[in-house]
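The lines below spell out each chain.
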Amino acid sequence: MAAPISWQIATVKEVRAETAGTRTLALALPSWMRHQAGQHYDLRLTAPGGYQAQRSYSIASAPEREGVVELTVERVKDGEVSGYLHEVPVVGDLIEVRGPIGGYFVWDAMLGGPLLLIAGGSGIVPLMAMLRHRQAAGSRVPARLLYSARGLDELIYRRELDALAADGTGLEVIYTLTRSAPAGWSGFTRRIDLPMLAQVAKPLGPEPLVYICGPTLMVESAASGLAELGIAPARIKTERFGPSGS
Amino acid sequence: MDSVTDDANRELMLDGNAVAGELRALFAVEVTTGEGECASCGRTHPMGALLAFTQGPGIVLRCPSCEAVMLKITRTPRGVYFDAHGIAVMRIASQA
Amino acid sequence: MAEGFVSRGFVGRGRAPGARASRIPPGQYETQGFPVLSAGPTPKVRLETWSFSINGLVRKPIKWSWDEFQKLPQEEFLVDIHCVTKWSKLDTRWTGVSVDTLLEAVETDPRAHYVTAFTIEGYTTNMPLEDIRNGRAFVAHQYDGRALEPAHGGPVRLVVPNLYLWKSAKWVTGLTLMERDSSGFWEKAGYNDHGDPWKEQRYTGD
C-alpha cells in the first residue's frame, strides 16, 4: 500500500566530513520508512518570514539501517542549501525532509545482476546505497563500479569501497581520475569513454543491470556508449544530477 | 534527436527522478515507475526517464525521443496547474 | 508539515544594500551570475535558414534573413533584468535592434494591442504591444560584447526589461500582432499575462 509522503522533521544524529567538499548528515526520522537503494529525500529549509528553499539528496545508507537515513551532500558553489548544510547543522538540529522518493532508479538484491554501476562525482551517493545494501543483504551478484572523479581527494567513501572490493563477494571497483592522479597511480586517468566502458563492462557479460549517476553530460554519454556496445536500453537506468561541481 | 550539445542549458537538465517528490505530492502514489506515451511521437518511456527542466517558472518534462513537452507543472497561489496534453496515455505502476 | 517550523540559522537570499536596492523590484534579490533557465533543450539554429518575421495585424508582413537583420540599425542597450524565479541582474549589456526599428518596417494596424512572441521550438509568450514600443524592447544578438550564447537564447532573443524575463523570449523568430491577448506557454499555466515586476505581477490574478 502506498503511504502518502509528507514532510517530517528529522533530527541530526551525526555530521561527518567525507571529503573537502562533501559531508554526510545522518538523520533520525520520526516516521522512518524502509527505502530502496537509489531513492532520495527532498529537504527543505525555511527562513523566518516563510522563504523556503528545497533540494533533493540521494540516500547514501542501506535500507537495512532502520530509523536513520544518511544523506551525503556536495557543497555547490554559491549553493543556497548545500552551503547551509555544510556550515550550520550540528547534532540535535532539526531539518525538514520528505521521502523516500523515486522508484525508477532503484536496485534491490532481489533484482539480481550482474550489476554495472557508473558514477561521476557525487553521483556515487545512490550507487553507494546500492553497494551497502548488497553487502547487508548478503548478495554475491557479480558487480563492478566505475567511479570517475577529478582527483584522489574527491573520491567519496574510498576506504569503504576498497574494503567492499576486498571482501570476496564479487565486487570490483575501478577508479578513473580525470584531472590529477598521484604518483604511482595504476587506475585510469581520463574521462569515461567508449573503450573504457567496453573494458569495464566486458567481464559482466551482455546483459548486466546498469545504473549510471552523475553530471548530466557524463550520464548521457555513458548511457549512449553502453547502448552502442549492445546493452539493451531497458537495462540501463540513469539519474542525472545536473551540472558538475565547480 | 540531435541536440546533445555541450552547453550550460543541457548540463542543467535532469530527469523524471528529480521531480518524483512533486509528482508524488500530486498523485499520492509513485509515478516515476510508470510509463507515459508521448502524444507527439507515440513512443513510451518510464516517467523517471523523461527529460526534466526544473530551473524555470515551472517543471517541464519532455519526451526523451522527440523532446516534445509531455508534462508541465506550475505551482501558483491559485493552485497547481497540471498540463498533460503532451501525454497520450500514462500508466501508473501498481504500488506494492 | 509543522506550522511555523523554521530552520535554525537559515536566512535565504539577502536583499541588496543601499542605492541598488531601489532598482530591485519587490520580492527579488540581486545576482552577479547569469542563471540559465529554460523550458527545454537548447535548439540548434542554423544562421543560413534563420529568419525573423512580423505578422498579424500589420499592413505588410515582413521577414528578415540573418544577413538582412545584421544590416538593420544596431544599438547598445544597458538594462536591468528580472526573472520571476526571483533573481535580478543589473546593468546587463546587449547589442541588437530596437523593436521600434522593426515595427517601422511593417506599419502596425491601429487594432493591434497585443503581441505574441514566437520562437524556434514552440515556446510563446504574450504581452501588451505598448510594452515593446517606444524604446521599451529590443531584439538582441550580442550579450556583453560577444555573440549571444545558445544557452542564453542565441543567436537572437527578445529582451523586454520592464517585464519579467520569461517574456524575453529566447531563440525568438518573430512577433505576431493581435487585437486580443492570447496566453502563451507559461501564461496558460498560471503566470501573468502582463508580468510587470514593479507591481509583482507574477501569477494570473496578481
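Details of the structure are given in the entry above.
1. Focus: the overall build of chain C
Move 1: Scanning chain C from terminus to terminus reveals 2 helices and 11 strands.
Move 2: In sequence order, the secondary structure elements of chain C are arranged as β-β-β-α-β-β-α-β-β-β-β-β-β.
Move 3: Taken over the C-alpha trace, chain C has a radius of gyration of 18 Å; the compact-globule value for 206 residues is 17 Å, and the two agree within 12%.
Move 4: Reported as C-alpha extents along the three principal axes, the dimensions of chain C are approximately 60 × 35 × 35 Å.
Move 5: In chain C, buried positions account for 38% of the 206 residues.

2. So, the environment of Ala-52 of chain B
Residue and element names in this part refer to chain B.
Move 1: Examined against the element boundaries, Ala-52 turns out to sit in strand β4 (residues 51–53).
Move 2: The spatial distance from the C-alpha of Ala-52 to the C-alpha of Met-13 is 5.8 Å, given a sequence separation of 39 residues.
Move 3: Residues within four places of Ala-52 in sequence aside, it is in contact with Met-13, Leu-14, Asp-15, Gly-16, Ala-18, Val-19, Ile-59 and Leu-61.

3. Side note on the interface of chain C and chain A
Move 1: At the junction of the two partners, chain C supplies 11 residues and chain A supplies 15 residues.
Move 2: Residue composition of the side of chain C that touches chain A, grouped by class: 6 nonpolar, 3 polar and 2 charged.

4. Points about the sheet that holds strand β3 (residues 40–46) of chain A
All names here are of chain A.
Move 1: The 6 strands are arranged β4-β3-β6-β1-β2-β5 in an open sheet whose pairing can be described as antiparallel. In this open sheet, the two strands that pair with only one neighbour each are β4 (52–58) and β5 (68–74). Each strand of the sheet is rotated relative to its neighbour by a mean of 40°, with strand direction disregarded.
Move 2: One ladder, built from 7 bridges, connects strand β1 (residues 8–19) with strand β2 (residues 22–28); its direction is antiparallel. Note on β2: the bridge partner recorded for Val-12 is Leu-27.
Move 3: This element, helix α1 (residues 80–87), spans β2, β3, β4 and β5 of the sheet and lies at about 115° to β5.

5. Section: the packing of helix α4 (residues 194–201) of chain A against helix α5 (residues 216–228) of chain A
Residue and element names in this part refer to chain A.
Move 1: One way to put it is that α4 packs onto α5 with a least axis distance of 10 Å and a crossing angle of 60°. Where α4 crosses over α5, the two elements pack in a sense that is right-handed. Within the contact between the two elements, α4 uses Leu-194, Leu-197 and Ala-201 and α5 uses Ala-222, Gly-225, Leu-226 and Glu-228.
Move 2: Across the contact of α4 with α5, the residue classes tally to 5 nonpolar, 1 polar and 1 charged.

6. Some thoughts on the pairing of β4 of chain A
For a regular strand, side chains alternate in direction, first toward one face of the sheet and then toward the other.
Residue and element names in this part refer to chain A.
Move 1: Two strands pair when backbone bridges link them, and β3 and β4 are joined in this way by 7 bridges, in the antiparallel orientation. Across the sheet, residue Arg-44 finds its bridge partner in β4, namely Gln-54.
Move 2: What sits between the antiparallel neighbours β3 and β4 is a turn of 5 residues, in which Gly-49 has the positive phi angle 100°.

7. Section: the interface of chain C and chain B
One frequently used descriptor of interface size is the decrease in accessible area upon assembly of the parts.
Move 1: Of the residues lining the interface, 22 residues belong to chain C; the matching set on chain B comes to 23 residues.
Move 2: Its residues assigned to classes, the side of chain C that touches chain B shows 14 nonpolar, 7 polar and 1 charged.

8. Things to note about the nonpolar core
Move 1: Counting residues in hydrophobic clusters, the biggest one holds 138 residues, and the most contacted among them are Leu-117 and Leu-127 of chain A, Ala-52 of chain B together with Val-139 of chain C.
Move 2: Broken down by element, this core gets its largest block of residues, 7 residues, from helix α2 (residues 124–136) of chain A.
Move 3: Two domains share this core, each providing at least three of its residues, namely domain 1 (8–101) and domain 2 (109–240) of chain A.
Move 4: With sequence-adjacent residues up to four places away left out, Leu-117 of chain A is seen in contact with Leu-127, Met-130, Ala-143, Leu-145 and Tyr-211 of chain A.

9. Things to note about the sheet that holds strand β7 (residues 115–120) of chain A
Residue and element names in this part refer to chain A.
Move 1: Strand order in the open sheet made by the 5 strands is β9-β8-β7-β10-β11, with parallel pairing throughout. In the strand order of this sheet, the two ends are held by β9 (171–177) and β11 (236–240), each with one partner. Each adjacent strand pair in this sheet contributes to an overall mean axis angle of 10°, direction not counted.
Move 2: Across 5 bridges, strand β10 (residues 209–214) lies against β11 in parallel orientation. The residue of β11 that forms the bridge with Tyr-211 is Lys-237.

10. Considerations on unusual backbone geometry
Only a minority of non-glycine residues have a phi that is not negative, and only a minority of peptide bonds are not trans.
Move 1: A cis amide bond links Gly-99 of chain A to the next residue, Pro-100 of chain A, at an omega of 0°.
Move 2: Secondary-structure assignment places Pro-100 of chain A in strand β6 (residues 94–101).
Move 3: In this structure, Pro-114 of chain A follows Gly-113 of chain A across a cis peptide bond, with omega equal to 5°.
Move 4: Counting through the fold element by element, Pro-114 of chain A comes out in the loop between β6 and β7.
Move 5: Even without being glycine, Glu-67 of chain B reaches a positive phi, approximately 70°.
Move 6: Tracing the sequence through the fold places Glu-67 of chain B in the loop between β5 (59–62) and β6 (69–76).
Move 7: The class for Glu-67 of chain B is partly exposed, based on 19 C-beta atoms found within 10 Å.
Move 8: Notably, Trp-171 of chain C is not glycine yet its phi reads approximately 55°, a positive angle.
Move 9: Assignment of secondary structure puts Trp-171 of chain C in the loop between β10 (157–159) and β11 (172–178).
Move 10: Residue classification places Trp-171 of chain C among the buried positions, given that 24 C-beta atoms sit within 10 Å.

11. Describing α1 of chain A
Along an α-helix, residues three or four apart share an orientation, since each turn contains 3.6 residues.
Residue and element names in this part refer to chain A.
Move 1: Of all the residues in α1, the buried ones are Ser-82, Tyr-84 and Leu-85. Relative to the axis of α1, the buried residues are bounded by an arc of 160° and lie together on one face.
Move 2: Contact partners of the buried residues in α1: β2, β3 and β5.

Basis of the calculations
Residues numbered from 1 in each chain as written. Chains lettered and ligands numbered in written order. Predicted model: local features only at pLDDT ≥ 70, side-chain atom pairs only at ≥ 80, totals over all residues. Helix = DSSP H or I, 4+ residues; strand = E, 2+ residues; numbered from the N terminus. Rg over C-alpha atoms; globule rule 2.2 N^0.38 Å. Buried ≥ 20, exposed ≤ 12 C-beta atoms within 10 Å, placed from the backbone. Contact = placed C-beta atoms within 7 Å. Nonpolar A, V, L, I, M, F, W, Y, C, P; charged D, E, K, R; others polar. Pairing = 2+ DSSP bridges. Axes fitted to C-alpha atoms, helices over the stretch in contact; angles between N-to-C directions. Left-handed = near helix turned anticlockwise from the far one by under 90°. Core = buried A, V, L, I, M, F, W, Y, C linked by C-beta atoms within 7 Å. Domains from an automatic or database assignment. Arc of directions from axis to C-beta.

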